[in-house]
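Topology and contacts: notes
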Amino acid sequence: MKTIQDLRTTFPRPGRVEWLGLRPARRVTPLYVSEVEAHPLVGLIGDHGKVAPGRLTALSGELEATLKPSNPSVPGGPGKRQVTLIQAEHLPVIAALAGLDEVTPELLRRNIVVSGMSLLALKDARFQIGEVVLEGTGECHPCSRMEENLGEGGYNAVRGHGGLTARVVVGGVIRQGDAVTALAAELAEQG
């Protein structure tokens with residue numbers, strides 16, 4: 001008989017990245033991209049104008065002048081909300097609850113739309129998307145922008161369906177169509 005821990009780490013199949021989006025600036029509609037670079041210190045490169053941090057040169061110890069570091073005051077900077085994910089299967093549910101024919105990923109302002117896997121099951125766990133390892137840090141609760149984007153009651157339409165926040169553990173590139181797989185606990189601890 002499986003333990004609760006066994007049940008929590010067993011998935012019927014991998015998920016799949018259906019959509020990727022970056023917000024070039026605060027309060028700007030996310031733009032679709034086919035791939036994005038994830039960096040452990042800043043999250044997704046290009047989201048809220050974030051860039052890879054400068055590198056120390058081996059001889060001088062100085063930062064390279066051509067690269068500027070991320071602005072740590074930008075939401076989603078170093079910490080728990082570097083990446084936001086939402087489940088594709090929840091989009092029609094949110095639309096129905098908001099009384100709309102359709103809800104698009106841009107309206108919900110998340111970075112990654114995943115299908116075929118329960119994102120909530122990845123809370124407090126490490127998972128891999130393409131070559132990137134993420135750690136689920138919590139539920140992604142709706143913000144007041146949902147009232148603007150979905151109409152009156154939009155905030156409550158998204159409650160319980162807002163997805164997951166995550167931090168980047170191992171950087172790399174995430175592409176549309178990449179598999180999303182939970183990592184075994186012993187592998188996650190090594191990362």
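Residues numbered from 1 in each chain as written. Predicted model: local features only at pLDDT ≥ 70, side-chain atom pairs only at ≥ 80, totals over all residues. Heavy atoms only, no water.

So, the pairing of strand S7 (residues 126-129)
In the sheet, S7 pairs with strand S8 (residues 132-139) via four bridges, with the strands oriented antiparallel. Its bridge partner lying in S8, Ile129 is registered against Val132. Linkage of S7 to S8, two consecutive antiparallel strands, is achieved through a turn of two residues, within which Gly130 is found at a positive phi near 60 degrees. Note that S7 and strand S11 (residues 179-182) share three bridges and pair antiparallel. Bridging from a neighbouring strand, Phe127 pairs with Ala182 of S11. (Pairing = 2+ DSSP bridges. Helix = DSSP H or I, 4+ residues; strand = E, 2+ residues; numbered from the N terminus.)

Digging into the sheet that holds strand S4 (residues 43-44)
Sheets are built from strands paired through backbone hydrogen bonds, the pairs being either parallel or antiparallel. Read across the open sheet, the three strands follow the order S4-S3-S10; overall the sheet is antiparallel. Of all strands in the sheet, those with a lone pairing partner are S4 and strand S10 (172-175), marking the two edges. The sheet contact formed by strand S3 (residues 35-39) and S10 spans four bridges and is antiparallel. Among the inter-strand pairings, Val36 is bridged to a residue of S10, identified as Ile174.

Description of the environment of Gly21
Tracing the backbone shows Gly21 in strand S1 (residues 15-22). When its relative accessible area of 2% is taken as the criterion, Gly21 is described as buried. The sequence separation of Gly21 and Arg110 amounts to 89 residues, and the corresponding C-alpha distance is 7.0 Å. (Buried < 20%, exposed > 50% of the residue type's maximum accessible area, 1.4 Å probe, protein only.)

Section: the nonpolar core
Counting residues in hydrophobic clusters, the biggest one holds 23 residues, and the most contacted among them are Leu85, Ile112, Phe127, Ile129 and Ile174. Looking at this core, the elements that each hand over two or more residues are S1, S3, strand S5 (83-87), strand S6 (112-115), S7, S8 and strand S9 (164-170). In contact with Leu85, not counting residues within four places along its chain, are Arg110, Ile112, Val114, Leu119, Phe127, Ile129, Gly162, Gly163, Leu164 and Ala166. Core analysis: the second largest hydrophobic core is formed by 14 residues, Ile94, Ala95, Met146 and Val158 among them. (Core = buried A, V, L, I, M, F, W, Y, C linked by side-chain atoms within 4.5 Å. Contact = heavy atoms within 4.5 Å.)

Considerations on the environment of Arg81
Positionally, Arg81 belongs in the loop between S4 and S5. For the pair formed by Arg81 and Gly138, sequence separation is 57 residues and the distance between their alpha carbons is 8.5 Å.

A look at the confidence of the model for the protein
Taken residue by residue, the protein gives an average pLDDT of 86. The fraction at 70 or more is 84%. With pLDDT under 50 throughout, residues 64-77 is counted as low confidence; its partners more than four residues away or in other chains account for 22 contacts. Considering only residues more than four positions removed or in separate chains, one finds that residues 186-191, a stretch of pLDDT under 50, has three contacts. (pLDDT = per-residue confidence, 0-100.)

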